[in-house]
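Understanding the architecture of this molecule
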Amino acid sequence: MDFELSEDEGALARALRSICANRFPLESLRSRELQPDTVDRESWRELAEAGVFSLRTSEDGGGLGLGAAAVSVVFEELGRALVPGPLVASELAASIIGMTGGTEGNAGSPLPAGGPLPAGGPLPAGGLLAGQVRAGVALVGQIHLGDSWERAGGSFPGSGRGRDGILVEHLASLDALVVVSERCLQVVDPRVVDAEPVDRSLDPLTPLWRVARLPEGEEVGGPEHSRRWRSEEVLLGAALCVGVAAATLDMAVAYAMQRRQFGRPVGSFQAVKHICADMLVRVEESRCALHAAALAIDQPGVGDPVRSVAGAALLATRAALACSKACIQVHGGMGFTWEIPAHLYLARSRVLASAMPGAGELEEVVASRL
Amino acid sequence: MDLRYSAEEEELRRSLRAWLAGVLRGLPQKPRPDDWDARRRYDMGWQRLLYEAGYGGVDWPKDAGGRGSSPVEQLVFLEELQRARAPGVGVGFVGLLHAGPTIIAEGSAAQRARYLQPILAGEEVWCQGFSEPDAGSDLAALKTRAVRDGDDYVVSGQKIWTSHAQVADLCELLVRTGTEGSRHRGITWLVMPMDAPGVEVRPLRTIAGSSEFSELFLDEVRIPVANRVGAENDGWRVAMVTFAFERGTAFVAELLESMELMRLLAASAKESGIWDDPCLRQRLGSLAAELDALWALTRRNVSEASRSGVPGIGGSVFKLAFSELRQSMADLWMDIEGRSALVWGEPADMWVNSLSRTIAAGTSQVQRNILAERVLGLPKEPSTRTLEG
Ligand SMILES: Cc1cc2nc3c(=O)[nH]c(=O)nc-3n(C[C@H](O)[C@H](O)[C@H](O)COP(=O)(O)OP(=O)(O)OC[C@H]3O[C@@H](n4cnc5c(N)ncnc54)[C@H](O)[C@@H]3O)c2cc1C
């Protein structure tokens, strides 16, 4: 057993961090605030070149043939850099739909495998892997994480549909829209979707569209594929959350070091130190939970993937929300200004959390696997 | 202990209810949050209506133009306003709750005559120019300099986070008149007309995307010595009078509004089926219990103020608890809304704005220090001790 990052995993993380720093520096992200298209194709292709969308696709299928652990390392970096765009859906579309072969790492895992899908469907694997095709997602209804899990009385709020119909992120940037329902996976041409742009979305870097009714698309997978999509979507969302939490921790510590009141850095006050220390605990806990969940998918027998994915998602969303809030608190009045990017992390945490099952549901999943 | 209101208090309630029922029907549309001129007109228009009906300053003393009501009557007043969903104080906040009470307590006869009536009548808007870029929690570090020149102070420096500065006529300004490093002992409290030459207001954008506060740049602004409230270099004490008011009944309207929100959330959760989620239901119950307790604490505070004339420690306890509670309520509302909360609207606005509560008017960390040190008598932290002397 060696739970440290391998040399390759560490190199992957460093490579991603440097690409994010070069391609997505905060200043250039901020110039796209409140725009309908937050990420240009050139940058997307660069992410693809770094392997972001081909990590889990088998080497035969033109991918890197890596497992969930590698993806979670990469997605933490994307979350940390606040990279906008349909990251999770594009990665999943490549590894679940675009794939021409099954995931190697998934064999024998208790997660629904889905199995290989036919090549040449509506989502060309090559385009996804190369970053030429950007895929988004619309979740319809509820898909429960635990296969054996029966809801403990009553229903949990569906993650997809709000009062406003279905909200689709980044619609204007999409080449394909994957509609995920309990019954199947479908691919819809985003250009034929009757959608209304939302005036202003909470996250200035996540534009939204309201869709009252989705057209029928081409069916590309069954219930097993939907369940697999949902589980991995939750895992990748958790990874982005860990990144967001880690970034806000760094920001808070840097500010506490630099901001002086009463003739000394505010970080010298125990009240501020304790806020930062609590953030650190949340980041470390959720990152370890995330990696353990990823390995539970990659390495059959090391853990219960359903339980650990739900647990990691619970801790990671909590960490992102709590840390981005704490980061604003450490910044005092500055944290409450638009100019300081702390609020972008706060809003992103909400976006990520809203794509997850609610905390109550995740807790029930974990409890049901005890 | 007795939670029942007296006959006179109930009488006030009845007459208020009758008056509100009539007056609220004729109110104009609520302005958009970013239309500052309209906001000023709306808030001042409402204050004018209160004033004309004799409710302009329910808790202000009679000789200051107020109604001279007891704190309990003030509570009844706020309760009825909230129940009827009447407008809040809005941009009248600093005048009615900070600057006015400070001038009542510390101003000269001429200052009381000049400034108090326009506040009550909804004619003048005030803002608070205390904080500076390097003097937030450490307010005594403020550097904005005032130099005496004949009958004027010449003031230069920078203020920040000045709420509603863009619509204010007057500013309660803290300036440095003592030597550099004189801290609390070298601060003076001035009334600065916002249209004086040399005052520049630059709105700042908040994380909610609005411009609730501004930066003030002061370049050799001449302020008559007659605008000084209290003695030169005694401004710290004068300002603390303001803070005592800030922690009295200032949040009653919002507390009652929060209790109403809990009722609405419960009703909408039942309608949408979310009520079946035990976790959300329990969170609602837990927050409602805490709000009930804060309502009880408010009545305890008001009773204490009625008996002794000054708000007790309860105000600081309230500020700390309520600030964090508002954030938990907003979190819950966002969770209940789920994906819909990603569309900017009331829940998002409350959620994002709730973050200022643990920062503005003394951060929660500083509030905890105050409770621990001033109320519980625990030793001061070394860093603040050396500076406060
Ligand atoms: C919405 C809003 C409206 C405002 N309106 C006004 C206004 O109208 N007029 C006005 O004058 N000001 C106003 N303020 C300013 C407000 O009073 C200050 O922001 C506040 O006092 C904190 O100061 P700071 O922002 O400089 O934070 P800092 O003092 O720099 O604090 C940074 C962090 O350090 C912590 N910290 C600082 N000192 C200590 C300590 N001794 N012990 C433990 N922790 C500490 C804080 O809790 C915080 O987490 C407003 C602020 C906001 C957010």
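Reading the values: rules and limits
Residues numbered from 1 in each chain as written. Chains lettered and ligands numbered in written order. Predicted model: local features only at pLDDT ≥ 70, side-chain atom pairs only at ≥ 80, totals over all residues. Heavy atoms only, no water. Helix = DSSP H or I, 4+ residues; strand = E, 2+ residues; numbered from the N terminus. Rg over C-alpha atoms; globule rule 2.2 N^0.38 Å. Buried < 20%, exposed > 50% of the residue type's maximum accessible area, 1.4 Å probe, protein only. Contact = heavy atoms within 4.5 Å. Areas by Shrake-Rupley, 256 points an atom, 1.4 Å probe, with all protein chains shown as cover. Domains from an automatic or database assignment. Buried area = accessible area lost by both parts, 1.4 Å probe. Salt bridge = Lys/Arg side-chain N within 4 Å of Asp/Glu carboxyl O. Polar contact = N/O pair within 3.5 Å; in protein donor to acceptor, adjacent residues only side chain to side chain. Nonpolar A, V, L, I, M, F, W, Y, C, P; charged D, E, K, R; others polar. Patch = residues over 30% accessible without salt bridge, like charges linked within 9 Å, V, L, I, M, F, W, Y side chains within 5 Å. Expected span 1.5 Å × (residues − 1). Near = heavy atom within 4 Å. Phe/Tyr/Trp six-rings, centres within 6.5 Å; stacked < 30°, edge-to-face > 60°. Lys NZ or Arg CZ within 6 Å of the ring centre and 35° of its normal. Axes fitted to C-alpha atoms, helices over the stretch in contact; angles between N-to-C directions. Parallel < 35°, antiparallel > 145°, perpendicular 65-115°, else oblique. Left-handed = near helix turned anticlockwise from the far one by under 90°. Core = buried A, V, L, I, M, F, W, Y, C linked by side-chain atoms within 4.5 Å. Pairing = 2+ DSSP bridges.

1. Some words on the overall build of chain B
Looking only at helices and strands, chain B has twelve helices and eight strands in total. Scaling as 2.2 N^0.38, a compact globule of 389 residues should have a C-alpha radius of gyration of about 21 Å, and chain B matches this with 22 Å. The dimensions of chain B, computed from C-alpha atoms along their principal axes, are 70 × 45 × 45 Å. Buried residues in chain B amount to 51% of all 389 residues. A fraction of 71% describes how many contacts in chain B between residues 6 or more apart in sequence connect residues 24 or more apart. Only carbon and sulfur atoms are counted for the fraction: they give 53% of the accessible area of chain B, which is about 17200 Å².

2. Points about the domain arrangement of chain A
All names here are of chain A. Segmentation of chain A into domains returns domain 1 (7–129), domain 2 (135–222) and domain 3 (225–368). Between domain 1 and domain 2, the residue contacts involve 22 residues of the former and 21 residues of the latter. With both sides pooled, the region where domain 1 packs onto domain 2 buries about 1600 Å², and carbon together with sulfur makes up 69% of that total. For R41, the salt bridge is made with D175, and the minimal N-O distance between the two is 2.7 Å. On the surface where domain 1 and domain 2 come into contact, there are five residue pairs in polar contact (both at pLDDT 80 or more). For the side of domain 1 that touches domain 2, the leading source of residues is helix 5 (residues 87–97), giving five residues. Class assignment of the residues belonging to the side of domain 1 that touches domain 2 gives a composition of 14 nonpolar, four polar and four charged.

3. Here we look at a nonpolar patch on the surface
A cluster of nonpolar side chains, namely I313, V317, V375, L376 and L378 of chain B, defines an oily patch on the protein surface of about 430 Å² accessible area. Considering the arrangement of structural elements, one finds L376 of chain B in the loop between helix 11 (364–375) and helix 12 (382–388).

4. Regarding helix 4 (residues 68–80) of chain A
Taking 1.5 Å of rise per residue, the 13 residues of helix 4 of chain A would be expected to cover 18 Å, and the 18 Å separating its terminal C-alpha atoms lies within 8% of that figure. One or two positions beyond helix 4 of chain A, positive phi appears at L82 of chain A, with a value near 60 degrees.

5. Considerations on the site of the ligand
Taken together, 29 residues lie around the ligand, and R259 and G333 of chain A together with S137, W161 and T363 of chain B are the ones closest in. What surrounds the ligand is not a single chain but chains A and B. At a separation of 2.7 Å, an oxygen atom of the ligand approaches a polar backbone atom of S131 of chain B. Separating a nitrogen atom of the ligand from a side-chain N or O atom of N369 of chain B is a distance of 3.1 Å. For the ligand, the accessible surface in isolation is 960 Å², of which the surrounding protein chains cover 94%. For the shell around the ligand, the secondary-structure elements that each account for two or more residues are helix 8 (270–298), helix 9 (305–330) and helix 10 (332–335) of chain A together with strand 3 (152–163) and helix 11 of chain B. It is strand 3 of chain B that provides the largest number of residues to the shell around the ligand, a total of three residues.

6. A few points about the environment of E220 of chain B
Residues and elements named next belong to chain B. Examined against the element boundaries, E220 turns out to sit in strand 7 (residues 213–224). Given the relative accessible area of 55%, E220 is considered exposed. C-alpha of E220 to C-alpha of V76: the two residues are 144 residues apart in sequence and 46 Å apart in space.

7. Some details on the packing of aromatic side chains
The full count for this structure, using the stated rule, is eleven aromatic pairs over all chains. An aromatic cluster is defined as three or more aromatic residues linked by ring pairs; in this entry it consists of W19, W46, Y55 and F77 of chain B. Above the ring of W351 of chain B, the side-chain terminus of R350 of chain A is found at 4.9 Å from the ring centroid.

8. Here's the deal with the interface of chain A and chain B
Counting residues at the interface gives 47 residues for chain A, matched by 48 residues for chain B. For the chain A and chain B pair, buried surface summed over both sides reaches about 4300 Å², with 61% attributable to carbon and sulfur atoms. On the chain A side of the contact with chain B, F262, F336 and R350 of chain A bury the most area, a combined 20% of that side's loss. In this structure, the connection of chain A to chain B is made through 18 residue pairs in polar contact (both at pLDDT 80 or more). Broken down by secondary-structure element, the contributors of at least two residues to the side of chain A that touches chain B are strand 3 (165–169), strand 7 (208–211), helix 8, helix 9, helix 10, helix 11 (342–354) and helix 12 (359–368) of chain A. Taken together, the residues of the side of chain A that touches chain B sort by class into 19 nonpolar, 18 polar and ten charged.

9. What about the packing of helix 4 of chain A against helix 7 (residues 223–258) of chain A?
Residue and element names in this part refer to chain A. As a packed pair, helix 4 and helix 7 sit with axes 7 Å apart at the nearest point and diverge in direction by 45 degrees. Between helix 4 and helix 7, the angle is such that the two are oblique. Here the hand of the crossing between helix 4 and helix 7 comes out right-handed. Along its contact with helix 4, which presents A68, V71, S72, F75, E76, L78, G79 and R80, the element helix 7 presents L235, L236, A239, L240, V242, G243, V244, A246, A247 and D250.

10. Focus on the side chain of R56 of chain A
Within the secondary structure layout, R56 of chain A lies in the loop between helix 3 (41–49) and helix 4. Here the side chain of R56 of chain A touches E232 of chain A through a polar contact of 2.5 Å, side chain to side chain.

11. Side note on the nonpolar core
If you look at the biggest cluster of nonpolar residues, it comprises 191 residues, and the most contacted ones within it are L47, F75, L78 and W229 of chain A together with W126 and W189 of chain B. At 17 residues, helix 7 of chain A tops the list of elements feeding residues into this core. With sequence-adjacent residues up to four places away left out, F75 of chain A is seen in contact with V52, L87, V88, E91, L236, A239 and L240 of chain A. V167, M194, V199 and L218 of chain B belong to the second largest nonpolar core, which has 24 residues in total.

12. Structural notes on unusual backbone geometry
All names here are of chain B. Despite not being glycine, H164 has its phi angle at roughly 60 degrees, a positive value. When you line up the elements, H164 lands in the loop between strand 3 and strand 4 (170–176). Given the relative accessible area of 12%, H164 is considered buried. With phi around 55 degrees, A361 is a residue other than glycine that occupies positive phi space. Structurally, A361 is set in the loop between helix 10 (346–354) and helix 11.

13. Some words on the domain arrangement of chain B
Splitting chain B by domain gives domain 1 (7–88), domain 2 (126–233) and domain 3 (251–375). Taken over C-alpha atoms, the centre of domain 1 of chain B sits 30 Å from the centre of domain 2 of chain B.

14. Quick notes on the pairing of strand 5 (residues 185–188) of chain A
In regular strands, side chains alternate between the two faces of the sheet. Residue and element names in this part refer to chain A. Neither face of strand 5 is open: one carries L185 and V187, the other Q186 and V188, and all of them are buried. Where strand 4 (residues 176–180) and strand 5 come together, four bridges link them in antiparallel fashion. Pairing of V180 across the sheet is with L185, part of strand 5. Count of turn residues in the strand 4/strand 5 antiparallel hairpin: four residues.

15. Points about the pattern of salt bridges
With the rule as written, the count across this model stands at 56 salt bridges over all chains. Put simply, E169 of chain A and R339 of chain B hold a salt bridge, and the shortest N to O gap is 2.7 Å. Here E169 of chain A is found in strand 3, whereas its partner R339 of chain B is found in the loop between helix 9 (314–337) and helix 10 on a different chain. What makes E169 of chain A partly exposed here is its relative accessible area of 21%. For R339 of chain B, a relative accessible area of 8% translates into the label buried. Across the pair R191 of chain A and D189 of chain A runs a salt bridge whose closest N-O atoms are separated by 2.9 Å. Take R191 of chain A: its relative accessible area is 74%, and that puts it in the exposed class. Residues joined in a network through salt bridges with shared partners are R17, E76, E77, R80, D250, E284 and R287 of chain A.

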